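Close look at the chain arrangement
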Amino acid sequence: VQALAKACKLDEDFAQAWYNLGLAKNQLGDRDGAVRALKRATQLVRNSANYWFALAAVYRDAGRVDEAKEAARETLRINFAHQGAQGLLQSLGAGE
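First things first, this report covers the structure right here in the doc. Here the residue numbering is sequential within each chain, running from 1 through the sequence in written order. The predicted origin of the model limits local features to residues at a pLDDT of at least 70 and limits the giving and counting of side-chain atom pairs to 80 or more, whereas totals for whole chains, interfaces and linings rest on all residues. Based on all heavy atoms of the structure, the side-chain values leave hydrogens and waters out of the count.

**A closer look at the overall build of the protein chain**
The helix and strand inventory of the protein chain stands at six helices and zero strands. Comment: elements are numbered from the N terminus, with helices defined as DSSP H or I runs of at least four residues and strands as E runs of at least two. Traced from its N-terminal end to its C-terminal end, the protein chain shows the element sequence α-α-α-α-α-α. We take the radius of gyration over the C-alpha atoms and set the globule estimate at 2.2 Å times the residue count to the 0.38 power. For 96 residues, the compact-globule estimate of 2.2 N^0.38 gives 12 Å, and the protein chain sits close to it at 13 Å. Put simply, 41% of the contacts in the protein chain that link residues at least 6 apart link residues at least 24 apart. Total accessible area computed for the protein chain in this model is approximately 5,600 Å², and 46% of it derives from carbon and sulfur atoms. In what follows, a contact means two residues having at least one pair of non-hydrogen atoms within 4.5 Å. The protein chains shown are the only cover counted for residues, whose accessible areas, like all others here, come from Shrake-Rupley with a 1.4 Å probe.

Right under this line is the structure:
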């Protein structure tokens, strides 16, 4: 996590580093840190279904259902066949 945080600090526009930092923070249970990092990744690369889906999953894990649904819908806007996002919305009672 420290190396990823350093990479993000050195290049604040390195979307992949922000994404990886978000995934790492989520695995460590730091949901707020994961959300911040993944939101930055989605700001930098707005059309990455993977970034948006990761954000949706973290929101779900954090109990932030409305935000999870919104991020999953954005994932489907980018990739309408994204099975992970479809399943997440169904599990949250918001099937598309």
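So much for the structure itself; the text now carries on.
**Looking at the environment of D61**
With respect to the helices, strands and loops of the structure, D61 is situated in helix α4 (residues 49-61). Among the residues examined, D61 registers a relative accessible area of 37% and is labelled partly exposed. Distance from D61 to R31, taken between C-alpha atoms, is 7.8 Å for residues 30 residues apart in sequence. Contacts of D61, omitting those with residues within four sequence positions, involve N26 and R31. Here the side chain of D61 touches R60 through a polar contact of 3.0 Å, side chain to side chain. Summary of the burial criterion: residues with accessible area below 20% of their type's maximum are buried, those above 50% are exposed, and those between are partly exposed, where the area comes from a 1.4 Å probe applied to protein chains only. As used in this structure description, the phrase polar contact means that two N or O atoms lie within 3.5 Å; if the pair is within protein, one of them must be able to donate a hydrogen and the other to accept it, and residues adjacent in sequence are counted only when both atoms belong to side chains.

**A few points about the environment of L44**
One can find L44 in helix α3 (residues 31-44). With 28 residues separating them in the primary sequence, L44 and Q16 have C-alpha atoms 9.4 Å apart. If near-sequence neighbours (up to four positions away) are discounted, L44 is found in contact with E12, D13, F14, A15 and W18.

**Some details on helix α2 (residues 15-27)**
The terminal C-alpha atoms of α2, which comprises 13 residues, lie 19 Å apart, in line with the 18 Å expected from a rise of 1.5 Å per residue. For α2, the complete set of buried residues consists of A15, A17, W18, Y19, L21, G22, A24, K25 and N26. Along its buried surface, α2 packs onto α1 (2-10), α3 and α4. Looking one or two residues past α2, G29 carries a phi angle of roughly 85°, positive in sign. One less than the number of residues in a helix, times 1.5 Å, gives the span that helix is expected to have.

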